[in-house]
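# Per-entry structural report
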Amino acid sequence: MVVPTKIDRPLLEMIFEASKDSHPYEFGALLRKDGDTITELLLLPGTVSSTQSALFKLYMMPIDHDVAGSVHSHPSPSPYPSNADISFFGNLGDVHIICASPYNERSWRAYNRKGESTRLDVVEL
Ligand SMILES: [Zn+2]
């Protein structure tokens, strides 16, 4: 299994926009990869946002081999994972993004499945 080390810039911008659209609720989706680069969001149709539940919906999503991990937003300025986030990360994929308010280049972080900070380079495909 290749652990992704890059993310496509337009996808990252899409994450910022989706997070803004969901504010003050959480946005959550799965990440799909192509080789070593995260290139796609997997959205669950009909998801109803609430302040707490974005991640729980993801448990119900179909999983395939190209699922790299997850992304969710924090309506607060904290990009750090909660204990619930870390236990979720451990169940699903190698890379997890938290995009905190105000949802821009400086307010997101990537983590591994243990909840440790990890590097994700932003690339143009
Ligand atoms: Zn969280």
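Preceding block: the structure.
Quick look at the structure, then.

Parameters at a glance
Residues numbered from 1 in each chain as written. Predicted model: local features only at pLDDT ≥ 70, side-chain atom pairs only at ≥ 80, totals over all residues. Heavy atoms only, no water. Donors = N, O, S within 2.8 Å, 3.2 Å for Na, K, Ca; no water. Tetrahedral: all angles 85-135°; square planar, octahedral: opposite > 155°, others 65-115°. Helix = DSSP H or I, 4+ residues; strand = E, 2+ residues; numbered from the N terminus. Buried < 20%, exposed > 50% of the residue type's maximum accessible area, 1.4 Å probe, protein only. Salt bridge = Lys/Arg side-chain N within 4 Å of Asp/Glu carboxyl O. Contact = heavy atoms within 4.5 Å. Pairing = 2+ DSSP bridges. Axes fitted to C-alpha atoms, helices over the stretch in contact; angles between N-to-C directions.

### Observations regarding the coordination of the zinc ion
- Distances from the zinc ion to its protein donors, His 72 (NE2), His 74 (NE2), Asp 85 (OD) and Asp 85 (OD), fall at 2.0 to 2.7 Å.
- Around the zinc ion sit four donor atoms, and with donor-metal-donor angles ranging over 54 to 163° the site reads as irregular.
- Mapping the donors of the zinc ion onto the primary sequence yields the spacing H-x1-H-x10-D. Linking His 74 in strand 4 (residues 67-74) with Asp 85 in helix 3 (residues 83-89), this pair joins segments that are 11 residues apart in sequence. Here the two residues His 74 and Asp 85 agree in accessibility, since each one is buried.

### Considerations on the pattern of salt bridges
- A complete count under the given rule lists eight salt bridges for this structure.
- Glu 105 serves as the salt-bridge partner of Arg 9, at 3.5 Å between the closest nitrogen and oxygen. Residue Arg 9 is found in helix 1 (residues 9-22), and its partner Glu 105 is found in the loop between strand 5 (95-100) and strand 6 (108-111); the two are separated by 96 residues along the sequence.
- For Glu 105, a relative accessible area of 44% translates into the label partly exposed.
- Between Arg 9 and Glu 124 there is a salt bridge, with the nearest N and O atoms lying 3.0 Å from each other. Remark: Glu 124 occurs in the segment after strand 8 (121-123) and Arg 9 occurs in helix 1; sequence separation between them is 115 residues.
- The exposure class of Arg 9 is partly exposed, given its relative accessible area of 25%.

### Considering the environment of Val 3
- Summarising the element assignment, Val 3 is placed in the segment before strand 1 (6-8).
- On a C-alpha basis, the gap between Val 3 and Lys 33 in space is 9.2 Å, while along the polypeptide they are 30 residues apart.
- In contact with Val 3, not counting residues within four places along its chain, are Asp 94 and Val 95.

### Let's talk about the sheet that holds strand 1
- On the basis of which strands lie adjacent, the open sheet formed by eight strands has the order 7-6-5-4-2-3-1-8 and mixed pairing. Two strands in the sheet have a free side with no partner beyond their single neighbour: strand 7 (117-118) and strand 8.
- In the sheet, strand 2 (residues 28-34) pairs with strand 3 (residues 37-42) via five bridges, with the strands oriented antiparallel. For Asp 34, the partnering residue across the bridge sits in strand 3 and is Thr 37.
- Along the sheet face, helix 1 touches strand 1, strand 2, strand 3, strand 4, strand 5, strand 6 and strand 8 and points at about 70° away from the line of strand 1.

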